[in-house]
Amino acid sequence: QVQLVESGGGSVQAGGSLRLSCAASGRTFSTYTMGWFRQAPGKEREFVATINWSGGTTYYTDSVKARFTISRDNAKNTVYLQMNSLKPEDTAVYYCAARRGATSSAAFEYTHWGQGTQVTVSS
């Protein structure tokens, strides 16, 4: 019921910032919990952040909670990930995902996924 398209990835130096966007097509975007995940070469997919339908509840993995901010604009059918103070260990392909239900860090609980966007942080 929802399709996701990501943008905003790129290459930055350590300490820089990027804002990722995930645009949704569909009539019921505002009813979905949204999440961001990332996957580095040779590693498992990792939870980054999640936000509920209203934007009133957010959760972050410990390694990013002081630096990243997830937000959504339901009028624009878009979810964002603002990434500040980037580190080389943030280098990964970043994916947005959607589910009906509560905020969750478990990838298997998300039913819709974007294609991913590459983020590279140089030291």
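Up top you'll find the structure we're talking about.
Now for a description of the structure that goes with this document. (Residues numbered from 1 in each chain as written. Predicted model: local features only at pLDDT ≥ 70, side-chain atom pairs only at ≥ 80, totals over all residues. Heavy atoms only, no water.)

Some details on the pairing of strand E8 (residues 78-83)
Phase 1 of the analysis: Extensive coverage of E8 is indicated by the burial of 5 of its 6 residues.
Phase 2 of the analysis: As defined by bridge partners, strand E3 (residues 18-25) adjoins E8 across 6 bridges and the pair is classed as antiparallel. When the bridges of E8 are listed, leucine 20 appears paired with leucine 81.
Phase 3 of the analysis: When strand E7 (residues 68-73) meets E8, the two strands line up antiparallel, connected through 6 bridges. Within E8, the position partnered with phenylalanine 68 by the bridge is methionine 83.
Phase 4 of the analysis: Where E7 hands over to E8, the hairpin turn is made up of 4 residues, of which asparagine 77 adopts a positive phi near 55°. (Buried < 20%, exposed > 50% of the residue type's maximum accessible area, 1.4 Å probe, protein only. Helix = DSSP H or I, 4+ residues; strand = E, 2+ residues; numbered from the N terminus. Pairing = 2+ DSSP bridges.)

Focus: the state of the cysteines
Phase 1 of the analysis: Throughout the structure, instances matching the rule amount to 1 disulfide.
Phase 2 of the analysis: The partner cysteine of cysteine 22 in its disulfide is cysteine 96, sulfur to sulfur 2.0 Å. Its S-S torsion of approximately 55° makes the covalent link between cysteine 22 and cysteine 96 right-handed. With cysteine 22 in strand E3 and cysteine 96 in strand E9 (residues 92-99), the pair connects residues that are 74 residues apart, well separated along the chain. A single burial state applies to cysteine 22 and to cysteine 96, both of which are buried. (Disulfide = S-S within 2.5 Å.)

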